[in-house]
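# Observations on the three-dimensional arrangement
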Protein chains: 2
Amino acid sequence: MALVTLGNSEFDRDTAVSRRAPGVYDAHLSAGWTIIQAVNGGYLLALMGRALGEALPHPDPLSVTAHYLTASVPGPAVIRTEVVRTGRTLSTGTARLLQTDEDGNEIERLRVLASYGDLDALPDDVRTTAKPPAIPPYEHCLGADDAPGEGTAIPGSTAITERLDLRLDPATAGWAVGAPSGKGEMRAWFGLADGRDPDPLSLLLTVDALPPTAFEMGLLGWVPTVELTAHIRHRPAPGPLRVAITTRNLAGGFLEEDAEVWDSQDRLVAQSRQLARAVLQG
Amino acid sequence: MALVTLGNSEFDRDTAVSRRAPGVYDAHLSAGWTIIQAVNGGYLLALMGRALGEALPHPDPLSVTAHYLTASVPGPAVIRTEVVRTGRTLSTGTARLLQTDEDGNEIERLRVLASYGDLDALPDDVRTTAKPPAIPPYEHCLGADDAPGEGTAIPGSTAITERLDLRLDPATAGWAVGAPSGKGEMRAWFGLADGRDPDPLSLLLTVDALPPTAFEMGLLGWVPTVELTAHIRHRPAPGPLRVAITTRNLAGGFLEEDAEVWDSQDRLVAQSRQLARAVLQG
């Protein structure tokens, strides 16, 4: 069994995979990345991204799509990958995350389809017209320690918040004090609590690690992700990231969340869109 | 063999599939939907969407991702589908588009992962904050007949343009007269030339049926799609559609195209993002 891990950080430890057979990897879904009852979707995406990076000849995720089928639970899991095509600059593969139920049946949690390449081999031109988000400096943003007393924010487990160094733009944190802005926006500074620098894999976590825009839109209830597609466009520079998420189409019981991740060099390093269910209550 | 077609329109005829065995469908890639040398990606997506709609218990695409692996050619093809999961309101499946080469080997053209539901069963709430695009009235937009003489626009086949009733916003048509705006934008009125009304499947064509934003950004050369993810959010009303495409992150040899499709009732009926290769020349 070849243990594949890149370091001692919590993220690397908890997204490590162990190759059991060609294309088959054992993993352990850590309880440390849960929010309320759910294993965080970005953590799962990063874990699948780790396995695919091992299975495919190209190292870096460029475009990754996950469909979230059933709720993952902390505990053992297996990832079964398939190589779809290998080319000179791109490879494509699929991955299935499976967990065994009490009767011994394998239940599929996620199905992923992704194309990988080599970010370091991309040409260096930048004609990005998008601009970094307007977010106050880190020191003026709100972290978990700034949250008001118990019971005002999120019920249930907040284990993932201990893994992250997340600082919310106060303009998108009104929900935490019962005063949501009504706008489909969420912005934050993002880092890992243990100081690990970002990399292409951790960006897969980053695109789904903020509170839902639904909180600012005053929606009660959870907003489960149906599908998420992330584009990793550049290796992130060391240092803190800025994440800006926008929702513009809440309708028919669904909403989209568009996320942009900017690094310390003002590069737009990742973009994602997810489709989530948003059941309006009352 | 059960022929599945919904009408006499060109779109329905050319996206028809014929069930050969459970989950296996024969199809014919029509030369009528080619641009330059390529079979249009939206046409291929719609064809795959047709097959998945047959294979899955839910009728309508909600989220569809395609990875474009090798270049499709007009002629026979087979679509092999897999049901990943069926739920009460959503089903998920995959589809492979395959064509046989001269040596009799099956070559995969597209790999698709999608979740389907029932658009007519969705609640009717609309809290969309996005606005329809600012595009001049249809009569003031430019159709194929308005194109200047030969040689100024697109070399090679323009067969698809005969299938579509496409009218470009003049502000995004400068490329056709050698005066690209420099902005990553493309907007048009969209219909099918034979008058067929839009439906959820034809929206899969619509999101990839306009000229590339790259033309307006002055990029030479083709801009092949690596991956495209479309969200179908509402059954479109009859009548013309408005399509607005934006590129904000041209960098590192790739660009994204974000498309929005608005129907005659000012509903945002579809959103998509594609990742395409953009090799800068000169």
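Here the structure is a predicted model, which is why all the values come from computation and not from measurement.

## Examining the overall build of chain A
Along its length, chain A carries four helices and 15 strands. What you see for chain A is a C-alpha radius of gyration of 18 Å, in line with the 19 Å of a compact globule of 282 residues. Each principal axis of the C-alpha atoms in chain A carries an extent, and together these give about 55 × 50 × 40 Å. When the 282 residues of chain A are sorted by exposure, 59% land in the buried category. Looking at chain A as shown, the accessible area adds up to about 11,100 Å², and 52% of this sits on carbon and sulfur atoms. Side chains of chain A carry 24 positive and 36 negative charges; the gap between the two charge centres is 6 Å.

## Things to note about the side chain of Ser-63 of chain B
Relative to the elements of secondary structure, Ser-63 of chain B occurs in strand β6 (residues 60-68). For Ser-63 of chain B, a relative accessible area of 0% puts it in the buried group. Only 2.8 Å separates the side chain of Ser-63 of chain B from the side chain of Glu-227 of chain A, close enough to count as a polar contact. Once residues within four sequence positions are removed from consideration, Ser-63 of chain B is found in contact with His-67, Glu-227 and Leu-275 of chain A together with Leu-113, Ala-114, Ser-115, Thr-229, Ala-230 and His-231 of chain B.

## With respect to the packing of aromatic side chains
Applying the stated rule across the entire model yields 10 aromatic pairs over all chains. Their ring planes at 5° and their centres at 5.4 Å tell us that Trp-33 of chain B and Tyr-43 of chain B sit as a pair that is stacked. Remark: Tyr-43 of chain B occurs in helix α2 (residues 41-55) and Trp-33 of chain B occurs in the loop between β3 (24-29) and β4 (34-35); sequence separation between them is 10 residues. Of the residues examined, Trp-33 of chain B reaches a relative accessible area of 0% and is grouped as buried. When its relative accessible area of 0% is taken as the criterion, Tyr-43 of chain B is described as buried. The structure contains a cluster of three or more aromatic residues connected by ring pairs, namely Phe-11, Trp-33 and Tyr-43 of chain A.

## Quick notes on the relation of the copies chain A and chain B
Copy one and copy two of the chain differ by a rotation about a common axis and a shift along it. Superposition record for chain A on chain B: RMSD 0.0 Å, screw rotation 180°, translation along axis 0.0 Å. Both copies of the chain, as the preceding transformation shows, are related through a two-fold rotation axis.

## Remarks on the pattern of salt bridges
A side chain with one charge can pair with a side chain of the opposite charge if their charged atoms come near. Going through the model one piece at a time under the given rule, you end up with 36 salt bridges over all chains. Between Asp-258 of chain A and Arg-273 of chain A there is a salt bridge, with its nearest N and O atoms 2.6 Å apart. One end of the pair, Asp-258 of chain A, is in strand β14 (residues 254-262); the other, Arg-273 of chain A, is in strand β15 (residues 268-277), with 15 residues separating them in the sequence. In this structure, Asp-258 of chain A and Arg-273 of chain A share a single accessibility class: buried. In this structure, Arg-20 of chain B and Asp-26 of chain B form a salt bridge, with 2.9 Å as the shortest nitrogen-oxygen distance.

## Here's the deal with the UniProt feature "domain: Acyl-CoA thioesterase-like N-terminal HotDog" (unreviewed entry) in chain A
The UniProt record annotates "domain: Acyl-CoA thioesterase-like N-terminal HotDog" (unreviewed entry) at residues 30-116 of chain A. As a span, residues 30-116 of chain A carries 17% helix and 53% strand, and end to end its C-alpha atoms are 25 Å apart.

## Examining the interface of chain A and chain B
Contact with chain A, which involves 56 residues of that partner, is made by 55 residues of chain B. With both sides pooled, the region where chain A packs onto chain B buries about 4,800 Å², and carbon together with sulfur makes up 50% of that total. On inspection of chain A and its partner chain B, the count reaches four salt bridges. Taken together, the connections running from chain A to chain B amount to 37 residue pairs in polar contact (both at pLDDT 80 or more). At the level of elements, β6 (60-68), β7 (75-86), β8 (91-100), β9 (106-117), β12 (225-232), β14 and β15 of chain A are the ones that each hand at least two residues to the side of chain A that touches chain B. Here the side of chain A that touches chain B takes seven residues from β15 of chain A, the largest share from any one element. The class makeup of the residues in the side of chain A that touches chain B is 21 nonpolar, 19 polar and 16 charged.

Reading the values: rules and limits
- Residues numbered from 1 in each chain as written.
- Chains lettered and ligands numbered in written order.
- Predicted model: local features only at pLDDT ≥ 70, side-chain atom pairs only at ≥ 80, totals over all residues.
- Heavy atoms only, no water.
- Helix = DSSP H or I, 4+ residues; strand = E, 2+ residues; numbered from the N terminus.
- Rg over C-alpha atoms; globule rule 2.2 N^0.38 Å.
- Buried < 20%, exposed > 50% of the residue type's maximum accessible area, 1.4 Å probe, protein only.
- Areas by Shrake-Rupley, 256 points an atom, 1.4 Å probe, with all protein chains shown as cover.
- Lys, Arg positive; Asp, Glu negative; His and termini not counted.
- Charge placed at Lys NZ, Arg CZ, Asp CG, Glu CD.
- Polar contact = N/O pair within 3.5 Å; in protein donor to acceptor, adjacent residues only side chain to side chain.
- Contact = heavy atoms within 4.5 Å.
- Phe/Tyr/Trp six-rings, centres within 6.5 Å; stacked < 30°, edge-to-face > 60°.
- Least-squares fit on C-alpha atoms with pLDDT ≥ 70 in both.
- Salt bridge = Lys/Arg side-chain N within 4 Å of Asp/Glu carboxyl O.
- UniProt positions renumbered as here; feature names shortened; annotations may be inferred.
- Buried area = accessible area lost by both parts, 1.4 Å probe.
- Nonpolar A, V, L, I, M, F, W, Y, C, P; charged D, E, K, R; others polar.

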